[in-house]
Amino acid sequence: MPKTIHAPLRREEIGTLRAGDSVLLSGTIYTGRDAAHKRLCALLEAGKPLPLDLRDQVIYYAGPCPAKPGDPIGSCGPTTSGRMDAYAPALCDLGLIGMIGKGQRSAAVVEAIRRNGGVYFAATGGAGALIAACVKSAKVIAFEDLGTEAVRELVVENLPLIVAIDAHGGNLYEEGPAAYRKSTL
Amino acid sequence: MREIDVKTVRETVFELFMSACCEIGRDVLELLRKGLETEKSPFGREVLSQLIENDRLAAARHMPICQDTGMAVVFMEIGQDVHFVGGDLNEAIEDGVRQAYREGCFRASVLSPLERVNTKDNTPAIVHMKIVPGDSVAITAAPKGFGSENMSRLWMLTPSQGIEGVKQAIVETVRLAGGNPCPPVVVGVGIGGTAEYAMMMAKHSLTRECGMPSEDPVLADLERELLESINALGIGPQGLGGTTTALAVHIEQMHTHIAGLPVAVNMQCHAARHKSAVI
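Small disclaimer: the values here were computed from a predicted structure and weren't measured.

### Focus: the overall build of chain A
Here is step 1 of the chain: For chain A, the count of helices and strands is six helices and seven strands.
Here is step 2 of the chain: Its helices and strands taken in sequence order, chain A reads β-α-β-α-β-α-β-α-β-α-β-β-α from the N to the C terminus.
Here is step 3 of the chain: The C-alpha radius of gyration of chain A comes to 16 Å, within 12% of the 16 Å expected for a compact globule of 185 residues.
Here is step 4 of the chain: When its C-alpha atoms are laid out on the principal axes, chain A stretches across 50 × 40 × 40 Å.
Here is step 5 of the chain: Out of the 185 residues in chain A, the part that is buried amounts to 56%.
Here is step 6 of the chain: Within chain A, residue pairs in contact and separated by at least 24 positions form 62% of the contacts whose partners lie at least 6 positions apart.
Here is step 7 of the chain: Only carbon and sulfur atoms are counted for the fraction: they give 52% of the accessible area of chain A, which is about 7,300 Å².

### Quick look at the pairing of strand β5 (residues 119-122) of chain A
Residue and element names in this part refer to chain A.
Here is step 1 of the chain: Residue alternation in β5 divides its side chains into two sets, Val119 and Phe121 and Tyr120 and Ala122, and both sets are buried.
Here is step 2 of the chain: Of the strand pairs in this sheet, strand β4 (residues 98-101) and β5 are connected by four bridges, and their pairing is parallel. The residue of β5 that forms the bridge with Gly98 is Val119.
Here is step 3 of the chain: Handedness of the β4-helix α4 (residues 107-116)-β5 crossover: right-handed.
Here is step 4 of the chain: Here β5 runs beside strand β7 (residues 151-165); their pairing, made up of three bridges, is antiparallel. Opposite Tyr120, over in β7, you have Ile165 as the bridge partner.

### Remarks on the sheet that holds strand β8 (residues 246-256) of chain B
All names here are of chain B.
Here is step 1 of the chain: Taken in spatial order, the four strands make up an open sheet running β6-β9-β7-β8, and their pairing is mixed. Edge positions in the sheet fall to β6 (153-157) and β8, since each of these pairs with one other strand and no more. Ignoring which end each strand starts from, the neighbouring axes of this sheet average 15° apart.
Here is step 2 of the chain: Alignment of strand β7 (residues 185-193) against β8, held across nine bridges, turns out to be parallel. Bridge pairing links Gly190 to Glu252 in β8.

### A word on the environment of Ile131(A)
Residue and element names in this part refer to chain A.
Here is step 1 of the chain: For Ile131, the location among the structural elements is in helix α5 (residues 128-132).
Here is step 2 of the chain: Considered as a pair, Ile131 and Asn158 are 27 residues apart in the sequence and their alpha carbons are 9.5 Å apart.
Here is step 3 of the chain: In this structure Ile131 touches Tyr60, Cys76, Gly77, Pro78, Ala123, Thr124 and Leu159, once residues within four positions along its chain are discounted.

### Re the packing of helix α6 (residues 162-177) of chain B against helix α8 (residues 217-231) of chain B
Residue and element names in this part refer to chain B.
Here is step 1 of the chain: Packing of α6 against α8 brings their axes to within 10 Å, and their N-to-C directions diverge by 45°. Considered as vectors, α6 and α8 are oriented oblique to each other. Both α6 and α8 take part in a crossing whose hand is right-handed. Between α6 and α8, the contacting residues are Ile163, Lys167, Ile170, Val171 and Val174 on the first element and Leu222, Glu225, Leu226, Ser229 and Ile230 on the second.
Here is step 2 of the chain: Its residues placed into classes, the contact of α6 with α8 shows seven nonpolar, one polar and two charged.

### Details of the interface of chain B and chain A
Often, the extent of an interface is quoted as the loss of accessible area upon association of its parts.
Here is step 1 of the chain: The interface of chain B with chain A comprises 45 residues on the first partner and 43 residues on the second.
Here is step 2 of the chain: A combined buried area of about 3,400 Å² lies between chain B and chain A, and 61% of that area is made up of carbon and sulfur atoms.
Here is step 3 of the chain: At the boundary of chain B and chain A, one finds one salt bridge.
Here is step 4 of the chain: The shortest N-O distance in the salt bridge between Asp71(A) and Arg61(B) comes to 2.9 Å.

Thresholds, definitions, all that
- Residues numbered from 1 in each chain as written.
- Chains lettered and ligands numbered in written order.
- Predicted model: local features only at pLDDT ≥ 70, side-chain atom pairs only at ≥ 80, totals over all residues.
- Heavy atoms only, no water.
- Helix = DSSP H or I, 4+ residues; strand = E, 2+ residues; numbered from the N terminus.
- Rg over C-alpha atoms; globule rule 2.2 N^0.38 Å.
- Buried < 20%, exposed > 50% of the residue type's maximum accessible area, 1.4 Å probe, protein only.
- Contact = heavy atoms within 4.5 Å.
- Areas by Shrake-Rupley, 256 points an atom, 1.4 Å probe, with all protein chains shown as cover.
- Pairing = 2+ DSSP bridges.
- Right-handed = clockwise from strand over helix to strand, strands pointing away.
- Axes fitted to C-alpha atoms, helices over the stretch in contact; angles between N-to-C directions.
- Parallel < 35°, antiparallel > 145°, perpendicular 65-115°, else oblique.
- Left-handed = near helix turned anticlockwise from the far one by under 90°.
- Nonpolar A, V, L, I, M, F, W, Y, C, P; charged D, E, K, R; others polar.
- Buried area = accessible area lost by both parts, 1.4 Å probe.
- Salt bridge = Lys/Arg side-chain N within 4 Å of Asp/Glu carboxyl O.

Structure follows, in structure tokens:
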């Protein structure tokens with residue numbers, strides 16, 4: 001049975017999560033991908049305030065499709081997280097506790113997750129329509145000019161995720177394939 | 001000589017993208033279902049079930065299968081006896097793409113490469129035209145997402161590396177890609193030609209009905225062997241481990257130079273979207 005968790009996340013709860021746990025996430029999360037991360041980190045470097053407080057928050061690496069009339073959002077699956085690896089450790093050190101995306105993370109991000117007691121969740125890449133159905137509301141809160149890459153506040157309900165990297169050294173992107181790898185070439 | 005109004009081209013391009021972005025082909029769906037039956041990993045089965053449900057939901061609600069509605073790749077085979085009238089053919093294709101991405105509420109993902117300024121209507125399209133005998137026009141729309149495109153690779157092998165080198169290059173490309181290209185993937189391969197032609201073949205092979213073997217028996221055998229090797233990598237659906245890493249391997253080949261052995265691998269996610277029509 002998947003665990004039910006609520007965002008913003010509580011650190012003590014995150015500490016109990018292990019790579020390979022299935023969770024259903026409800027609550028408030030923020031989208032951000034390449035261009036938004038670049039801007040957030042440029043603000044940080046310039047010593048300027050960020051447009052959102054990242055403490056205990058979850059960032060979802062996603063750039064949704066435009067919403068059809070009457071819908072809160074269009075298709076909204078995860079993008080490849082690796083492109084955010086250059087920026088993620090700095091944000092984790094600011095208090096960002098959770099990241100949602102798809103694909104492996106760099107050693108630096110794995111270490112930042114460990115150091116800060118964070119968590120990295122895998123959402124199903126390409127399941128854009130299914131994930132959109134979990135989004136109850138969406139509003140742009142920063143960098144509106146970036147279009148799909150703007151930072152959006154999403155209220156989600158029962159978003160199905162898998163804990164991919166935990167704060168205790170567990171990494172499903174390593175352990176999963178190793179369990180099914182047969183010697184080849 | 002047959003006259004075709006470019007308006008017909010525009011309308012066809014529009015309809016093909018409207019359908020391609022929202023309705024996964026039966027070919028892909030069949031392979032996902034087959035994967036679900038044989039997949040050994042519980043996570044793998046969970047992911048495959050989600051993808052099948054996602055594809056059903058997207059078609060039913062006519063919304064994009066994936067938020068990455070891609071760059072708009074268009075293949076056209078134009079009969080040499082066709083005369084286009086009523087305007088600029090290239091503009092008609094762009095207009096069809098523009099209209100589909102606006103009306104379909106598809107994501108505008110296209111921007112200038114260095115300044116990163118979005119064109120906001122997903123143009124320009126990437127158009128490949130070929131003149132063929134006859135008086136008809138075949139159009140294939142293949143929206144291409146970049147999670148998988150980014151994992152593509154060109155290997156300029158030396159002749160001494162031979163067939164074993166070719167196999168290694170293809171399997172290694174998939175191994176290095178891991179979970180990034182949204183497995184289960186379709187692996188498009190072009191062997192031979194020149195650097196750019198090898199990649200063109202790799203891309204074109206992805207427009208083949210998914211899982212349909214090559215008509216060339218040597219390539220068909222190679223496709224089967226590589227599919228087995230790739231699925232032995234253990235990457236699995238979404239890279240979380242499992243036995244369904246690829247749904248299919250498609251290979252095309254072309255004569256090449258005595259000094260070379262180009263191998264291009266164009267990675268395609270499970271949303272292997274392609275729709276065709278003939279005018």
